[in-house]
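Letter by letter, the chains look like this.
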Amino acid sequence: MVASPSSPPVSCIASGGDAVASDERREAVQALEGSFSELMTVFRRYVSEAAERVSPGMLPATFKALSVVSRFGPLTLSALAERLTADKGFLSRSISELEELGLVTRTPDPADRRSRVIAVTDEGHARLADARAPHESRLFAAMADWSIDDIRHLSTLLHALAVGETPARD
């Protein structure tokens, strides 16, 4: 659950207003926010480097579009814009760039001929794999001493946080 700016802190609701629990929760959440900030800085750097490896001068947002189509596609431009919460005009230019590079194709949508479906080409998949390889090896190395259960648990917790759910307790 994510509190809106006008709602009382979740900690006050959950703890019945206990100030110590509220302070501890606030400190814990602030520490988490700091950790996310560090992680996002590293991730932004990774995306910039990966975009450059796919094609020199490629914008990080264009790399993200290629990555999302690779992971969830084929997609229409509208579905891609919704998934990325991005401007369709910018995405259209990004997809045109990716198409010119031979990394995606656009074909008529069989369900709606007015729309086009974006799919990653074999070359696009290969370039993405090459661009991601250095980061994946760094992540693998960073987590080399983690148990598989801890990695899976972190994945579950992050997913729950991303979609606003309370994670199941084992």
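Computed from a prediction, not measured in an experiment: that's the story for all the values here.

Visitor: I keep staring at the side chain of T62 and nothing clicks. Help me out?
Guide: Here T62 lies in helix α3 (residues 60-72). For T62, the residues in contact, after removing those within four places along its chain, are F90, S94, E97 and L98.

Visitor: Whenever I open this one, the pairing of strand β3 (residues 112-120) confuses me. Can you help?
Guide: For a regular strand, side-chain orientation follows a simple rule: the groups alternate between the two sheet faces. Of the strand pairs in this sheet, strand β1 (residues 75-76) and β3 are connected by 2 bridges, and their pairing is antiparallel. For T76, the partnering residue across the bridge sits in β3 and is V117. Note that strand β2 (residues 104-109) and β3 share 6 bridges and pair antiparallel. Residue pairing in the sheet places D109 in a bridge with D112 of β3.

Visitor: Honestly, the packing of α3 against helix α5 (residues 88-100) in this entry has me stumped. Any pointers?
Guide: Helices that pack against each other are described as a pair by the angle of their axes relative to one another and the distance between those axes. The contact between α3 and α5 brings their axes to 9 Å, and the two run at 75°. Taken together, α3 and α5 sit at an angle that is classed as roughly perpendicular. Along the contact surface, α3 presents A61, T62, A65 and L66, while α5 presents F90, L91, S94, I95, E97 and L98. Split into classes, the residues belonging to the contact of α3 with α5 amount to 7 nonpolar, 2 polar and 1 charged.

Visitor: Honestly, the confidence of the model for the chain in this entry has me stumped. Any pointers?
Guide: Regions with low pLDDT carry predicted coordinates that are not meant to be interpreted in detail. When the pLDDT values of the chain are averaged, the result is 87; 89% of them are 70 or greater. Taking the mean pLDDT of every element in the chain, the minimum, 46, falls on helix α1 (residues 10-14) and the maximum, 95, on α3. A low-confidence stretch, residues 1-13 stays under pLDDT 50, and its non-local contacts, those more than four residues away or across chains, total 10 contacts.

Visitor: What am I meant to see in the packing of α3 against helix α6 (residues 122-142) here?
Guide: Following both chains from N to C, one finds α3 and α6 inclined at 115°, their axes separated by 11 Å at the closest point. For the element pair α3 / α6, the angle class is roughly perpendicular. When you trace α3 past α6, the crossing you get is left-handed. Packed against α3, whose contacting residues are F63, L66, S67 and S70, the element α6 presents H125, L128, A131 and R132 at the interface. Here the residues of the contact of α3 with α6 sort into 4 nonpolar, 3 polar and 1 charged.

Visitor: Can you help me understand the packing of aromatic side chains in this one?
Guide: Two descriptors summarise a pair of aromatic rings, namely the distance from one centre to the other and the angle between the planes of the rings. Taken as a whole, this structure holds 2 aromatic pairs when the rule is applied. Measuring from centroid to centroid gives 5.6 Å for F43 and Y46, while their planes differ by 50°, and the two rings are tilted. Of this pair, F43 and Y46 are both found in helix α2 (residues 19-54), 3 residues apart, which corresponds to roughly one turn of the helix. For F43, a relative accessible area of 42% puts it in the partly exposed group. Here Y46 falls in the buried class, since its relative accessible area comes to 7%. Ring plane angle 90° and centroid distance 6.4 Å describe the contact between Y46 and F63, whose orientation is recorded as edge-to-face. Of the two residues, Y46 sits in helix α2 while F63 sits in helix α3, which places them 17 residues apart along the sequence. Of the two residues, Y46 and F63, neither departs from the other in class, the shared state being buried. Put simply, the rings of F43, Y46 and F63 touch in pairs and so form one group of aromatic residues. Sitting over the ring of F72, R83 keeps its end group 3.7 Å from the ring centre.

How each quantity is defined
- Residues numbered from 1 in each chain as written.
- Predicted model: local features only at pLDDT ≥ 70, side-chain atom pairs only at ≥ 80, totals over all residues.
- Heavy atoms only, no water.
- Helix = DSSP H or I, 4+ residues; strand = E, 2+ residues; numbered from the N terminus.
- Contact = heavy atoms within 4.5 Å.
- Pairing = 2+ DSSP bridges.
- Axes fitted to C-alpha atoms, helices over the stretch in contact; angles between N-to-C directions.
- Parallel < 35°, antiparallel > 145°, perpendicular 65-115°, else oblique.
- Nonpolar A, V, L, I, M, F, W, Y, C, P; charged D, E, K, R; others polar.
- pLDDT = per-residue confidence, 0-100.
- Left-handed = near helix turned anticlockwise from the far one by under 90°.
- Phe/Tyr/Trp six-rings, centres within 6.5 Å; stacked < 30°, edge-to-face > 60°.
- Buried < 20%, exposed > 50% of the residue type's maximum accessible area, 1.4 Å probe, protein only.
- Lys NZ or Arg CZ within 6 Å of the ring centre and 35° of its normal.

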